[in-house]
Amino acid sequence: MARRELGPASLAVANAVAAVLPSGPVVVGCSGGADSLALALGARWASPRCDAEVHCVVIDHGLQRSSHEVAVSVVELLSAEDMSAESRRVTIAANAPGGLEAAARDARLAALASNGHPVLLGHTLDDQAESVLLGLLRGSGTRSLSGMAKVREPFIRPLLDLRRAITVAACEEWGVQAWQDPHNSDDRFRRVRARRHLENFSAALGQDVTPALARSAKLARMDANLLDQLASEVTSDSDLTGDLSVTAVADLPDALRLRVLRDWLAVHGTSTFAMVHVLSVDELVSHWRGQGAVSVPGGQVERRGMVLHHTAT
């Protein structure tokens, strides 16, 4: 398809994909919704220009009665558009730690990345704003406010600067019918509720808050990346697998000390900790009064003289 045959929305999508599409084999995650369908068609347009081999993967989560039929129909649609496509079934435990949304996301990403190729995801600027709002509710600092990275290997999000309305218009210009996922209107899911609250908030203020939130995410990511780098420099000569020296971290600026403590907890296998746990451990450093051990997921941390000691449980 020649460039001049693309409408304004489809051209915006195609150019966004072409700007980041790597050469060689590439996987495109496609649910059949407007965002991922526009992404797939943009990748089809960009692939010969970038020497890429695009293969679309439709994940069947098995969470709806018609999930298999939907996956098959999306594969058929993509095949009719001269694209290589397949569906993959993933299994999600109903009582998965972290909730159904997180479990479905983790299973989906693992399946998409299983071939070891770069993976394109269809998140838009609207998705980014929703992520910032959810991050704000977690209260975990600049990293949780930084939203999704445009590139975090193996995942690439070419449409992160485009609005959802652009992908909908692009599908219309390409003449394809996007699937409407009923989960996208199901209030059981936090992201759906966040989306509706953003719409209501914008209406109440008389201003579209989505671009500002997405812009804040970009700035927060810059700050978080720098602070993480500085924290890693502090610990570059340290063995985080053992006890942590209180002397080494006590005089660090708060932003760096908390990151060092976070990294130390992560090394000790405390993968599900939250900022509240980091702050509790920090009390053993910055406000030491002889208090006892503090509990963290998977263990506890106590101060022994001038070191912090982690004990797994």
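Preceding block: the structure.
The following paragraphs examine the structure supplied in this document.

Calculation criteria
- Here the residue numbering is sequential within each chain, running from 1 through the sequence in written order.
- Thresholds applied to this predicted model are a pLDDT of at least 70 for local features of residues and 80 or more for the giving and counting of side-chain atom pairs; totals over whole chains, interfaces and linings are not thresholded and use all residues.
- The side-chain quantities take in all heavy atoms of the structure and omit both hydrogens and water.
- Here the term buried applies to any residue with accessible area under 20% of the maximum for its type, exposed to any over 50%, and partly exposed to those in between, with areas from a 1.4 Å probe on protein chains only.
- In this text, helices come from DSSP runs of H or I with a minimum length of four residues, and strands from runs of E with a minimum of two, each type numbered from the N-terminal end.
- Strands pair, by our definition, only if DSSP identifies at least two bridges between them.
- By the criterion used throughout, a crossover qualifies as right-handed when its path from the first strand across the helix to the second strand runs clockwise, the strands pointing away from the viewer.
- For this analysis, residues touch if any pair of their heavy atoms sits within 4.5 Å.
- Here the axes come from fitting lines to C-alpha atoms, over the contacting stretch only for helices, and the angles between their N-to-C directions go from 0 to 180 degrees.
- Here the expected span of a helix is defined as 1.5 Å times the quantity of residues minus one.
- When two rings of Phe, Tyr or Trp (its six-membered ring) have centres within 6.5 Å they constitute a pair, described as stacked for plane angles under 30 degrees, edge-to-face for angles over 60, and tilted for the intermediate range.
- A ring is scored as having a charge over it whenever the NZ atom of a lysine or the CZ atom of an arginine sits within 6 Å of its centre and within 35 degrees of its normal.
- A pairing counts as a salt bridge when a side-chain nitrogen of Lys or Arg comes within 4 Å of a carboxyl oxygen of Asp or Glu.
- Roughly parallel here means an angle under 35 degrees, roughly antiparallel means over 145, roughly perpendicular means 65 to 115, and every remaining angle is called oblique.
- Think of it as three bins: nonpolar holds Ala, Val, Leu, Ile, Met, Phe, Trp, Tyr, Cys and Pro, charged holds Asp, Glu, Lys and Arg, and polar takes everything else, Gly as well.
- Throughout, the protein atoms alone are placed on a 1 Å grid, and a set of points is a cavity if a 1.4 Å probe fits but cannot get out or a pocket if it is open with protein on both sides within 12 Å along at least five of seven lines; lining residues have an atom within 4 Å of a point.
- Grid points are joined across faces, edges and corners, and a volume is the space filled by probe spheres set on the points.
- Polar contact is the term for a pair of N or O atoms within 3.5 Å; when the atoms are in protein, one must be able to donate a hydrogen and the other to accept it, and sequence-neighboring residues count only if both atoms are side-chain atoms.
- In plain words, nonpolar cores are sets of buried Ala, Val, Leu, Ile, Met, Phe, Trp, Tyr and Cys residues tied together by side-chain atoms within 4.5 Å.

**Quick look at the pairing of strand S2 (residues 52-60)**
Piece 1. Among the nine residues in S2, eight count as buried, and that is most of the element.
Piece 2. Relative to S2, strand S1 (residues 24-29) runs parallel, the two sharing six bridges. Bridge assignment links Val28 to a residue of S2, and that residue is Cys56.
Piece 3. Since S1 and S2 lie parallel, the crossover through helix H2 (residues 34-50) that links them has a hand, and here it is right-handed.
Piece 4. Direction of pairing for S2 relative to strand S3 (residues 84-89): parallel, over a ladder of six bridges. Looking at S3, one finds that His55 is bridged to Ser84.

**What about the side chain of Asp127?**
Piece 1. Considering the arrangement of structural elements, one finds Asp127 in helix H5 (residues 125-138).
Piece 2. Judged by its relative accessible area of 7%, Asp127 falls in the buried class.
Piece 3. With residues up to four places along the chain from it excluded, the contact list for Asp127 reads Asp35, Gly122, Met148, Arg164, Arg191 and Arg195.

**Some thoughts on the sheet that holds strand S10 (residues 307-312)**
Piece 1. If you trace the four strands from one edge of the open sheet to the other, you get S7-S10-S9-S8, paired in antiparallel fashion. Either end of the sheet is taken by a strand with one partner, and the two such strands are strand S7 (244-245) and strand S8 (294-296).
Piece 2. Across six bridges, the pairing between strand S9 (residues 299-304) and S10 is antiparallel. For Gln300, the partnering residue across the bridge sits in S10 and is Thr311.
Piece 3. Against the sheet, helix H11 (residues 254-267) engages S7, S8, S9 and S10, with an angle of about 30° to S10.

**Details of helix H9 (residues 210-235)**
Piece 1. The first and last C-alpha atoms of H9 sit 37 Å apart over 26 residues, in line with the 38 Å expected at 1.5 Å per residue.
Piece 2. Every buried residue belonging to H9 is among Thr210, Ala214, Ala217, Ala220, Arg221, Ala224, Asp228, Ala231 and Thr235, and all of these are buried.
Piece 3. The secondary structure elements touched by the buried residues of H9 are H5, helix H6 (142-145) and H11.

**Section: the packing of aromatic side chains**
Piece 1. Considering all chains together, one arrives at zero aromatic pairs under this definition.
Piece 2. The ring of Trp45 has Arg49 sitting right over it, with the charged end atom 3.9 Å from the ring centre.

**As for the sheet that holds strand S6 (residues 155-156)**
Strands belonging to one sheet form pairs held by backbone hydrogen bonds; the direction of such a pair is parallel or antiparallel.
Piece 1. Taking strand neighbours across the sheet as the criterion, the six strands line up as S3-S2-S1-S4-S6-S5 in an open arrangement whose pairing is mixed. Strands with a single pairing partner mark the edges of an open sheet, and in this sheet they are S3 and strand S5 (151-152).

**Some remarks on the pattern of salt bridges**
Piece 1. Summed over the entire model, instances satisfying the criterion amount to 20 salt bridges.
Piece 2. Note that Lys150 is salt-bridged to Asp161, the shortest N-O span being 3.0 Å. Placement of the pair is Lys150 in the loop between H6 and S5 and Asp161 in the loop between S6 and helix H7 (164-174), with a sequence separation of 11 residues.
Piece 3. With a relative accessible area of 32%, Lys150 lands in the partly exposed category.
Piece 4. Note that Glu302 and Arg304 form a salt bridge whose closest N and O atoms lie 2.9 Å from each other.
Piece 5. Within the structure, one salt-bridge network assembled from shared partners comprises Asp35, Asp127, Glu130, Arg164 and Arg195.

**Observations concerning the packing of H5 against H9**
Piece 1. Where H5 contacts H9, the axes come no closer than 8 Å and their chain directions differ by 70°. As far as their axial angle goes, H9 and H5 are roughly perpendicular. Listed contacts from H9 to Leu125, Asp126, Gln128, Ala129 and Val132 of H5 are Thr210, Pro211, Leu213, Ala214 and Ala217.
Piece 2. Classifying every residue of the contact of H5 with H9 gives seven nonpolar, two polar and one charged.

**Considerations on the layout of surface pockets**
Piece 1. In this structure, the second largest pocket occupies an estimated 220 Å³ of space.
Piece 2. Secondary structure elements with two or more residues in the lining of the second largest pocket: H5 and H9.
Piece 3. For the lining of the second largest pocket, the element with the most residues is H9, which contributes six residues.

**Some details on the side chain of Ser10**
Piece 1. Along the chain, Ser10 turns up in helix H1 (residues 8-20).
Piece 2. Within the structure, the side chain of Ser10 is placed 3.0 Å from the backbone nitrogen of Gly7, a separation counted as a polar contact.
Piece 3. In this structure Ser10 touches Ala170, Glu173 and Trp174, once residues within four positions along its chain are discounted.

**Side note on the environment of Thr311**
Piece 1. Examined against the element boundaries, Thr311 turns out to sit in strand S10.
Piece 2. Take Thr311: its relative accessible area is 27%, and that puts it in the partly exposed class.
Piece 3. Placed 11 residues apart in sequence, Thr311 and Gln300 show a C-alpha to C-alpha distance of 5.4 Å.
Piece 4. Ignoring sequence-local partners within four residues, the contact set of Thr311 consists of Gly298, Gly299, Gln300, Glu302 and Arg304.

**Comments concerning the nonpolar core**
Piece 1. The biggest cluster of nonpolar side chains holds 40 residues, and the ones touching the most others in it are Val17, Leu78 and Leu120.
Piece 2. Listing elements by their share of this core, those giving two or more residues are H1, S1, H2, S2, helix H3 (67-80) and H7.
Piece 3. Residue contributions to this core peak at 10 residues, all from H2.
Piece 4. Contact partners of Leu78, with chain neighbours within four places excluded, come to Cys30, Leu37, Ala40, Cys56, Val58, Met83 and Ala85.
Piece 5. Membership of the second largest hydrophobic core comes to 21 residues, among which are Leu265, Leu284, Val296 and Val301.

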